[in-house]
Amino acid sequence: MLPDAGPDDPTVTAMRARELGRKSVVVGDRVSLVGDTSGAPGALARIVRIAERRSVLRRTAEDDATTAEGRLERVVVANADQLVIVSALADPPPRTGFIDRCLVAAYDADIEPLLCLTKADLAGPEAVLGYYTELELPYVLIRPDSDLAALRALLAGRVSVLVGHSGVGKSTLVNRLVPEADRAVGTVSAIGRGRHTSTSAVALRLPLAPRGDLEPPEAHSDPGWIIDTPGVRSFGLAHVSAESLLHGFPDLVEGTVDCPANCQHTAEEADCALDAWVAAGKADPRRLASYRRLLASRSGEGDPREPERNPGDPLAGS
């Protein structure tokens, strides 16, 4: 869509110009166009330049960069301001291991995270919020009949990318935010796994809030964009360095100050100061367990088939 286009203006269809070579265009890219940009039926423009990306959210299929899946890096979206991590509180149960991975990816991409907890009518958020209490992580609770004003306020004026497991209610949420989106909605199987419904990432402009609604001023002029992504089962972090991995756990960073030089912060490091930091009650031991599990995954240890399952999950069986 063109920068000055209104919500009712036609969408411009464009193809990548040959001179761009192998350079790919991803959702969220700002591009320069030539040709017919009227958006009329049959009109076609060409993408001749891709602007420098101010942020890039990436993921890999696995954590271990020595594997083919770990080396296959995927750009999820470009130029996002906010990563909305959509997690159900029940059916399926929340996976804090997956949320931890998304937080690492967000901090690595310099994107602000927002935790969106759906199906709040089925279970309370106390266990999940307690796990992240030291992070002061912003969050919203969503029920089937809840007012979305608080969420719209956090989306206004921003480009927000939504990620989450299949079945957590992400597509339902998108359809409530943008009724004309008509995203496919799936169900959760008997074994607690969601079925994939969205098959591609799509950018959607949020509708303007009607004047008089209790919305922030931005919602009346720039309500923002959301980028809906396909449901994922894992969020590989092979592209994130071990040092950057720690920054996804800001509650542990200060605890490494007393670590010896070149400390790897693993459980095998006898002099790692993180154990004393946790023992002193300055961080949740489950957070340290999650961090060390991610470190182990980078070395090819652990079970790569279930990288989102965290032994420190606050909910049994998750």
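Residues numbered from 1 in each chain as written. Predicted model: local features only at pLDDT ≥ 70, side-chain atom pairs only at ≥ 80, totals over all residues. Heavy atoms only, no water.

**Comments concerning helix H2 (residues 96–108)**
One turn of the α-helix equals 3.6 residues, which is why residues spaced by three or four share an orientation. Rules: A run of H or I in DSSP becomes a helix once it reaches four residues, and a run of E becomes a strand once it reaches two; helices and strands are each numbered from the N terminus. The span you would expect from a helix comes to 1.5 Å times its residue count less one. In this scheme, a residue with accessible area under 20% of its type's maximum is buried, one over 50% is exposed, and one in between is partly exposed, where area comes from a 1.4 Å probe on protein chains only.
Under the 1.5 Å per step criterion, the end-to-end length of H2 is 18 Å for 13 residues, consistent within 8% with the ideal 18 Å. For H2, the buried fraction is high: 11 of the 13 residues fall into the buried class. Just beyond H2, the residue with positive phi is Asp-110, at close to 60°.

**Brief notes about the side chain of Arg-101**
Spelled out, the test is: We define a polar contact as two N or O atoms separated by no more than 3.5 Å, with the added condition that, inside protein, one atom must be a possible hydrogen donor and the other a possible acceptor, whereas residues neighbouring each other in sequence contribute only through side-chain atom pairs.
With respect to the helices and strands, the residue Arg-101 is situated in helix H2. Judged by its relative accessible area of 0%, Arg-101 falls in the buried class. A distance of 2.7 Å separates the side chain of Arg-101 from the side chain of Asp-63, its partner in a polar contact.

**Here's the deal with the nonpolar core**
In plain terms, the rule: Nonpolar cores are built from buried Ala, Val, Leu, Ile, Met, Phe, Trp, Tyr and Cys residues. Side-chain atoms within 4.5 Å join them into one set. In what follows, a contact means two residues having at least one pair of non-hydrogen atoms within 4.5 Å.
Counting 48 residues, the largest nonpolar core has Leu-57, Leu-83 and Tyr-291 as the members making the most contacts within it. Other than its neighbours up to four places away in sequence, Tyr-291 contacts Ala-242, Leu-245, Leu-246, Phe-249, Leu-252, His-265 and Leu-274. Judged by nonpolar contacts, the second largest core, of 20 residues, contains Leu-114, Cys-116, Ala-181 and Ile-226.

**Quick look at the sheet that holds strand E2 (residues 31–35)**
Stated formally: Two strands form a pair only when DSSP identifies at least two bridges running between them. To define axes, lines are fitted to C-alpha atoms, for helices over the stretch in contact only, and angles between the resulting N-to-C directions are given on a 0 to 180 degree scale.
In space, the 3 strands of this open sheet follow the order E1-E3-E2, with mixed pairing throughout. A single partner strand is all that each edge strand has here, and the edge strands are strand E1 (14–16) and E2. Put simply, the sheet's adjacent strands are angled 40° from each other on average, direction ignored. Looking at chain direction, E2 and strand E3 (residues 45–50) are connected through 5 bridges and run antiparallel. The partner of Leu-33 across the bridge, within E3, is Ile-47.

**Quick look at the confidence of the model for the protein**
Basically, it comes down to this: Residue-level confidence of the predictor is what pLDDT reports, using numbers from 0 through 100.
Scored by pLDDT, the protein comes out at a mean of 85, with 83% of its residues at no less than 70. For the protein, per-element mean pLDDT is lowest for helix H6 (residues 217–221), which scores 61, and highest for strand E7 (residues 112–118), which scores 98. Every residue in residues 186–198 scores below 50 in pLDDT, and together they form 33 contacts with partners more than four places removed in sequence or on other chains.

**Focus on the packing of H2 against helix H10 (residues 285–298)**
Note the threshold: Every angle not falling under 35 degrees, over 145, or within 65 to 115 is termed oblique; those three ranges are roughly parallel, roughly antiparallel and roughly perpendicular. Only Asp, Glu, Lys and Arg are considered charged in this grouping, and only Ala, Val, Leu, Ile, Met, Phe, Trp, Tyr, Cys and Pro are considered nonpolar; every other residue, Gly among them, is considered polar.
Taken N-terminus to C-terminus, the directions of H2 and H10 make an angle of 70°; their axes are 11 Å apart at the nearest point. Taken together, the axes of H2 and H10 lie roughly perpendicular to each other. Of the residues in H10, those touching H2 at Asp-100, Arg-101 and Val-104 are Arg-287, Ser-290, Arg-293, Leu-294 and Ser-297. Taken together, the residues that form the contact of H2 with H10 break down as 2 nonpolar, 2 polar and 4 charged.

**Brief notes about unusual backbone geometry**
That bond from Asp-91 to Pro-92 is cis: its omega, 5°, falls within 30 degrees of zero. Locating Pro-92 in the fold gives a position in the loop between strand E6 (82–88) and H2. If you check the backbone angles, Asp-91 has positive phi at about 50° while not being a glycine. The exposure class of Asp-91 is partly exposed, given its relative accessible area of 45%.

**Considering the sheet that holds strand E11 (residues 225–228)**
Across the sheet, 6 strands lie side by side as E8-E7-E6-E9-E11-E10; this open sheet has mixed pairing. The open sheet has two edge strands, strand E8 (139–141) and strand E10 (202–205), and neither has a second partner. Taken over all neighbouring pairs, the strand axes of this sheet differ in orientation by 25° on average, direction set aside. Here H2 sits on the sheet and contacts E6, E7 and strand E9 (159–163); the angle it forms with E6, its principal contact strand, is near 175°. Along the sheet, helix H5 (residues 170–177) contacts E6, E7, E9, E10 and E11; its crossing angle with E11, the most-contacted strand, is approximately 150°.

**Some details on the environment of Val-34**
Tracing the sequence through the fold places Val-34 in strand E2. Residues Val-34 and Ala-14, 20 residues apart in the sequence, show an inter-C-alpha distance of 9.0 Å.

**Re the side chain of Ser-87**
Mapped onto the elements of the fold, Ser-87 is located in strand E6. Every residue in contact with Ser-87, bar those within four places of it in the chain, is listed here: Pro-94, Arg-95, Ile-99, Cys-116, Leu-117, Thr-118 and Val-168.

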